[in-house]
Amino acid sequence: MDLNYDELTFVEAKLMQEEFRKQLKFDIPNSKVINSIAATDISYNPNSTTMYGTIVILSYPELRLKAYSLVTCETNFPYKAGYLGFREVPTLIKAWEQIENKPDVVVLDGQGYLHPRRMGIASHFGLLTAQATIGCAKSSLYGFYEEPSIIKYSFSKVFEHHTNEHIGYALRTKNKTKPVYISPGYGLSLVKSLEIMKKCIGNHRIPEPTRLAHEIVNDFRMGKLQAGYKEVNPTPVLF
DNA sequence: GCGACAG
DNA sequence: ATCTTGTCGC
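Criteria and thresholds
- Residues numbered from 1 in each chain as written.
- Chains lettered and ligands numbered in written order.
- Predicted model: local features only at pLDDT ≥ 70, side-chain atom pairs only at ≥ 80, totals over all residues.
- UniProt positions renumbered as here; feature names shortened; annotations may be inferred.
- Helix = DSSP H or I, 4+ residues; strand = E, 2+ residues; numbered from the N terminus.
- Contact = placed C-beta atoms within 7 Å.
- Expected span 1.5 Å × (residues − 1).
- Bend = angle between axes of the 7 residues up to and from the residue.
- Buried ≥ 20, exposed ≤ 12 C-beta atoms within 10 Å, placed from the backbone.
- Pairing = 2+ DSSP bridges.
- Axes fitted to C-alpha atoms, helices over the stretch in contact; angles between N-to-C directions.

- Chain A appears in an unreviewed UniProt entry as Endonuclease V from Pedobacter boryungensis.
- The annotation that UniProt attaches to chain A under Function (unreviewed entry) is "DNA repair enzyme involved in the repair of deaminated bases. Selectively cleaves double-stranded DNA at the second phosphodiester bond 3' to a deoxyinosine leaving behind the intact lesion on the nicked DNA."

What follows is the structure, encoded as structure tokens:
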């Protein structure tokens, strides 16, 4: 594919999001059982155009690491709230293409439907790959909501400012910590995306797939891992 | 005009 | 996103 948005202006990017939005699908006949879930992450030095990207694949619902894809990619499109996809998706598409066994669902670091134009990075990536995706963001970008109870697994709906449309959830993934923001990116419903993410919660605020992606891409940037696609050896059964 | 603003 | 010391709470 070799995607590159470096020459786009924000005005053009916005028009593209409005066009993409019309092509989104959320209720794809979804009787398929989920056996694997992936998470993506990007790492880089603020003063460099080199992006380090990863997509890690875990078994579901056991959440054991099965494989990971590591790539490096040059990007000049700047970060701007509302346009994250244009900066990070090209790197992720490159990581996606070298995966030999595609996962059933992909969790992106950022928003999905919970976006001013319903086109967060999870929707952007999901549309281009025709993959089921979920947006899981560490902070809020858009919408209003009431704070969920401080107890782990509690959640509340996030709504569109003017229409009151339900567009995502604030989910408490750990007692007494800030919630994360969940919304479908592509191919899944709001309810289904929340249900899946609840099952990805471990003992930290950041859900397990995303935590692993962050750890692995950091090792990659530090030179501890090499670019490419690698399937991890299954843990031997002892008896 | 003012404040907010994923990573 | 990344850097980075100390501090607070479980």
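Right, picking up where we left off after that structure.
**As for the UniProt feature "binding site: Mg(2+)" (unreviewed entry) in chain A**
Line of reasoning, step 1. In this structure's numbering, the residues bearing the UniProt feature "binding site: Mg(2+)" (unreviewed entry) are D41 and D109. In terms of the greatest pairwise C-alpha distance, the residues named above, spread along 69 residues, form a tight cluster of at most 6.4 Å across.
Line of reasoning, step 2. Relative to the helices and strands, D41 resides in strand β1 (residues 36-43).
Line of reasoning, step 3. With respect to the helices, strands and loops of the structure, D109 is situated in strand β4 (residues 105-109).
Line of reasoning, step 4. With near-sequence residues (within four places) excluded, D109 lies in contact with T40, D41, C136 and T210.

**Structural notes on helix α2 (residues 84-97)**
Line of reasoning, step 1. Helix length check: α2, at 14 residues, gives a terminal C-alpha distance of 20 Å against a target of 20 Å (1.5 Å per residue), a fit within 8%.
Line of reasoning, step 2. A maximum bend of about 30 degrees is found in α2 at P90.
Line of reasoning, step 3. Buried residues dominate α2, accounting for 12 of its 14 residues.
Line of reasoning, step 4. Within α2, the full set of buried residues consists of L84, G85, F86, R87, E88, V89, P90, T91, L92, K94, A95 and W96.
Line of reasoning, step 5. Packed against the buried residues of α2 are α1 (10-21), β1, β2 (50-59), β3 (65-74) and α3 (121-129).

**What to know about the pairing of strand β7 (residues 166-171)**
A regular strand places its side chains on the two faces of the sheet in alternate fashion.
Line of reasoning, step 1. Within β7, 5 of the 6 residues are buried, leaving the element largely enclosed by the surrounding structure.
Line of reasoning, step 2. Here strand β6 (residues 155-159) runs beside β7; their pairing, made up of 5 bridges, is antiparallel. By the bridge assignment for β7, F155 is matched with L171.
Line of reasoning, step 3. Where β6 folds back on β7, the antiparallel hairpin that results is connected by 6 residues, among which N164 adopts a positive phi of roughly 65 degrees.
Line of reasoning, step 4. As defined by bridge partners, β7 adjoins strand β8 (residues 180-186) across 3 bridges and the pair is classed as antiparallel. Across the sheet, residue A170 finds its bridge partner in β8, namely Y181.

**Notes on the sheet that holds β4**
Line of reasoning, step 1. A sheet is described by the order of its strands in space; here 9 strands give the open sequence β6-β7-β8-β5-β4-β1-β2-β3-β9, paired in mixed fashion. Bordering the open sheet on either side are β6 and β9 (228-231), each of which pairs with just one other strand. Averaged over all pairs of adjacent strands, the angle between their axes in this sheet comes to 25 degrees, without regard to strand direction.
Line of reasoning, step 2. Two elements, β3 and β9, share 4 bridges in a ladder whose sense is antiparallel. Bridge assignment links Y68 to a residue of β9, and that residue is K230.
Line of reasoning, step 3. In this fold helix α5 (residues 208-221) packs onto β1, β2, β3, β4 and β5 (133-137), with an angle of close to 45 degrees to the strand it touches most, β1.

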